[in-house]
Amino acid sequence: MIERDGLGAAARGLRQYLLAVAAELDAPAWFCEVDAPATAYLALEQRLARFPDHETALLWDERDGWAAAVESATGEDVVVLAYLGEDVLPAPKTVVAFVRGLYGDSYPGQPEPPDFRRPGAPDGFDDRLAAYARDTVCLPEGQA
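We now turn to the structure provided with this report. (Residues numbered from 1 in each chain as written. Predicted model: local features only at pLDDT ≥ 70, side-chain atom pairs only at ≥ 80, totals over all residues. Heavy atoms only, no water.)

1. Looking at the overall build of the protein chain
Thought 1: A tally of regular secondary structure across the protein chain gives 3 helices and 5 strands.
Thought 2: The linear arrangement of helices and strands in the protein chain, starting from the amino end, is α-β-β-β-β-β-α-α.
Thought 3: Looking at the protein chain residue by residue over its 144 residues, the buried ones come to 44%.
Thought 4: Within the protein chain, counting contacts between residues at least 6 apart in sequence, those at least 24 apart form 54% of the total. (Helix = DSSP H or I, 4+ residues; strand = E, 2+ residues; numbered from the N terminus. Buried < 20%, exposed > 50% of the residue type's maximum accessible area, 1.4 Å probe, protein only. Contact = heavy atoms within 4.5 Å.)

As structure tokens, this is what we get:
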């Protein structure tokens, strides 16, 4: 298992990638953990019609990529509804299409985790993250 420097290129790249996705979705808030295994949570403002009493979010991790989830009835846990399932780091526009499908009449993605990779494996993943460190994305004031 590798350790990821929280200030290094891979960590900065992950933050930039998440900023790019959040900006495309006009997401109100996001959070990430850059250490291996890296994870992220991105809040979505709109609720799903089939779960009107539950907050909706996107989850991301370096094993399975993006997943759509709703908060449980207690609000303490999240329940995954579907995994995007195309790539662990799909283009932000692909994530947007997945979210649009969730709010539409389709059931996008797949029900089972795709298990793309093992966190911390020396497989070039951190290099893919580092490539996003060169991109600069800024959210409107008040979003983080």
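Okay, back to it.
2. Comments concerning the pattern of salt bridges
Thought 1: Taken as a whole and judged by the stated rule, the model has 7 salt bridges.
Thought 2: Aspartate 87 is the salt-bridge partner of arginine 128, the closest N and O atoms lying 2.6 Å from each other. Taken together, the residues arginine 128 in helix H3 (residues 125–132) and aspartate 87 in the loop between strand S5 (78–83) and helix H2 (92–103) connect sequence positions 41 residues apart.
Thought 3: With relative accessibility at 35%, the residue arginine 128 sits in the partly exposed group. (Salt bridge = Lys/Arg side-chain N within 4 Å of Asp/Glu carboxyl O.)

3. Section: H2
Thought 1: Counted at 1.5 Å a residue, the expected span for H2 with its 12 residues is 16 Å, and the 17 Å between its end C-alpha atoms agrees.
Thought 2: Considered for burial, the residues of H2 that qualify are Pro92, Val95, Val96, Phe98, Val99, Gly101 and Leu102.
Thought 3: Of the surrounding elements, those touching the buried residues of H2 are helix H1 (9–25), strand S2 (39–44), strand S3 (56–61), strand S4 (65–71), S5 and H3. (Expected span 1.5 Å × (residues − 1).)

4. What about the environment of aspartate 53?
Thought 1: Tracing the sequence through the fold places aspartate 53 in the loop between S2 and S3.
Thought 2: Looking at aspartate 53, the relative accessible area reads 65%, which means it is exposed.
Thought 3: Taking the C-alpha atoms as reference points, aspartate 53 and valine 70, 17 residues apart in sequence, are found 9.4 Å from one another.

5. Observations concerning H1
Thought 1: Compared with an ideal rise of 1.5 Å per residue, which puts 17 residues at 24 Å, H1 spans 24 Å between its outermost C-alpha atoms and is within 8% of the ideal.
Thought 2: Taken across its 17 residues, H1 has 12 buried, putting it largely inside the fold.
Thought 3: By the burial criterion, the buried members of H1 are Ala10, Ala11, Gly13, Leu14, Gln16, Tyr17, Leu18, Leu19, Ala20, Val21, Ala22 and Leu25.
Thought 4: Buried positions along H1 lie against strand S1 (29–33), S2, S3, S4, H2 and H3.
Thought 5: Taken from the residues just after H1, aspartate 26 is the one with a positive phi, measuring 55°.

6. Considerations on unusual backbone geometry
Note: most residues except glycine have negative phi, and most peptide bonds are trans.
Thought 1: In this model, alanine 36 is joined to proline 37 through a cis peptide bond whose omega is 0°.
Thought 2: Note that proline 37 resides in the loop between S1 and S2.
Thought 3: One non-glycine residue, aspartate 26, adopts positive backbone phi at about 55°.
Thought 4: Locating aspartate 26 in the fold gives a position in the loop between H1 and S1.
Thought 5: In this structure, aspartate 115 takes a positive phi of about 50° despite not being glycine.
Thought 6: The topology assignment puts aspartate 115 in the loop between H2 and H3.

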